Amino acid sequence: LLDPFCGGGTILIEAAMVGRKMAPGLKRNFACEAWTCCPADIWTQERASAKEVQLDKLPQRIVGTDRHGGALALARRNAEAAGVGDDIHFQQRDFADLSSSREYGCMITNPPYGDRLDPHEVNQLYESMPGVLKRLPTWSHYILTAYRGFEKLIGRQADRRRKLYNGRIECNYYQFHGPKPGSAAVQNAGHETADQSEHPSTSSGGTLFGGLPAKDREQAELLASRLKKRP
């Protein structure tokens, strides 16, 4: 799991807690604990039961990166306070330098919307996304953003889309599902990524996360074949 715009670490901390089966709110107190209709020992028993099912650690660390060192310092403090400090690896890195040695994974992120950044800088960031995300062609990508025309910019419709509100900001949660391990789509993604590295001009205009969708690729190959046959 990777979040390249991790900020204070919320997404990754909650993911780590879910992965370790840590009950939310285990360390906080609730007003209803003072109700006379609820014996105090019930809360003690339930907290003990919740702790028994917790896992000691995740099988592998999850990763959060951000360009701002201050945000990462806050994320580390938040992770420690939540009890998952050893489960998350935070690293200062620009989105343009995104990479992973893992063949499969899941990227979940909430990139800047533009309300606190220069509009030109935000546009440049989003325009760079297709070229950056194609480095992880066999991953799944989940992006929460209020950026208008996101799918048109990316050049691909999301497999699923949900409208959400971040406070009063209307957002969309775009879900781009990666191929299943061992499928033909994985092999195609690898071949297309190699082709694009040799021919950079094909890395834009609809080539996302490693290449064209299967149907578009078939049509492109058919057109190329016809053009070769022309005198």
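Residues numbered from 1 in each chain as written. Predicted model: local features only at pLDDT ≥ 70, side-chain atom pairs only at ≥ 80, totals over all residues. Heavy atoms only, no water.

Any chance you could explain the pairing of strand β7 (residues 169-176) here in plain terms?
A regular strand carries its side chains on alternate faces of the sheet. Strand direction decides the pairing type here: strand β5 (residues 140-145) and β7, joined by five bridges, are antiparallel. In the sheet register, Tyr142 faces β7, and the bridge partner there is Gln175. As defined by bridge partners, strand β6 (residues 160-166) adjoins β7 across seven bridges and the pair is classed as antiparallel. Bridging from a neighbouring strand, Arg161 pairs with Tyr174 of β7. Between β6 and β7, which pair antiparallel in sequence order, lie two residues; one of them, Gly167, sits at a positive phi of approximately 70 degrees. (Pairing = 2+ DSSP bridges. Helix = DSSP H or I, 4+ residues; strand = E, 2+ residues; numbered from the N terminus.)

Explain unusual backbone geometry here, please?
Glycine aside, a negative phi is what most residues show, and trans is what most peptide bonds show. Phi at Lys21 takes a positive value of approximately 60 degrees, unusual for a residue other than glycine. With respect to the helices and strands, the residue Lys21 is situated in the loop between α1 (10-19) and α2 (40-52).

Explain the pattern of salt bridges here, please?
Once their charged atoms are close, side chains differing in charge can pair, the charge on each being opposite to the other. For the coordinates displayed, the defined rule picks out seven salt bridges. We note a salt bridge from Glu121 to Arg67, for which the minimum N-O separation is 3.3 Å. Linking Glu121 in helix α4 (residues 119-133) with Arg67 in the loop between β2 (62-66) and α3 (69-82), this pair joins segments that are 54 residues apart in sequence. A relative accessible area of 47% places Arg67 in the partly exposed class. When salt bridges that share partners are traced, they join Arg67, Asp94 and Glu121 into one network. (Salt bridge = Lys/Arg side-chain N within 4 Å of Asp/Glu carboxyl O. Buried < 20%, exposed > 50% of the residue type's maximum accessible area, 1.4 Å probe, protein only.)

Would you mind going over the packing of aromatic side chains with me for this structure?
Centre-to-centre distance and the angle between the planes together describe a pair of aromatic rings. As enumerated under the stated definition, the model contains seven aromatic pairs in all. Through pairs of rings, three or more aromatic residues link up here, namely Tyr126, Tyr147, Phe150, Tyr174 and Phe176. (Phe/Tyr/Trp six-rings, centres within 6.5 Å; stacked < 30°, edge-to-face > 60°.)

It is not clear to me how the side chain of Asp3 should be interpreted in this structure. Could you clarify?
Mapped onto the fold, Asp3 is located in strand β1 (residues 2-3). Here Asp3 sits buried without a salt bridge, and the closest side chain of opposite charge, Arg93, lies 12 Å off (N-O distance). Aside from chain neighbours lying at most four places away, what touches Asp3 is Ile11, Leu12, Val63, Gly64, Thr65, Ile108, Thr109 and Asn110. (Lys, Arg positive; Asp, Glu negative; His and termini not counted. Contact = heavy atoms within 4.5 Å.)

Which parts of the structure should I look at to understand the side chain of Thr65?
Of note, Thr65 is situated in strand β2. Judged by relative accessible area, Thr65 falls into the buried class, the value being 4%. Aside from chain neighbours lying at most four places away, what touches Thr65 is Leu2, Asp3, Pro4, Phe5, Cys6, Leu72, Gln91 and Arg93.

Hey, could you run me through the pairing of β2 in this one?
Burial of β2 is extensive: four of the five residues sit out of reach of the surface. As judged from the two bridges shared by β1 and β2, these two strands associate in the parallel manner. By the bridge assignment, Leu2 is partnered in β2 with Val63. Here β2 runs beside strand β3 (residues 88-92); their pairing, made up of five bridges, is parallel. Opposite Val63, over in β3, you have His89 as the bridge partner. Remark: the β2/α3/β3 crossover connection has right-handed handedness. (Right-handed = clockwise from strand over helix to strand, strands pointing away.)

Honestly, the nonpolar core in this entry has me stumped. Any pointers?
One recurring pattern in soluble globular proteins is that nonpolar side chains are buried together. Judged by nonpolar contacts, the single largest core of 23 residues is most densely connected at Phe95, Leu98, Tyr126, Met129, Leu133 and Phe150. Of all elements in the fold, only α4, β5, α5 (150-154) and β7 reach the threshold of two or more residues within this core. Examining the composition of this core, we find that six residues originate from one element, α4, more than from any other. Leaving out residues up to four positions away in the same chain, Phe150 has contacts with Tyr126, Met129, Ile143, Thr145, Tyr174 and Phe176. (Core = buried A, V, L, I, M, F, W, Y, C linked by side-chain atoms within 4.5 Å.)

What exactly am I supposed to notice about the confidence of the model for the protein chain here?
Parts of the model with low pLDDT should not have their predicted coordinates read in detail. Within the protein chain, residue pLDDT values average 85, and 84% of them lie at 70 or more. Averaged pLDDT values over the elements of the protein chain bottom out at 51 in helix α6 (residues 184-198) and peak at 98 in β1. (pLDDT = per-residue confidence, 0-100.)

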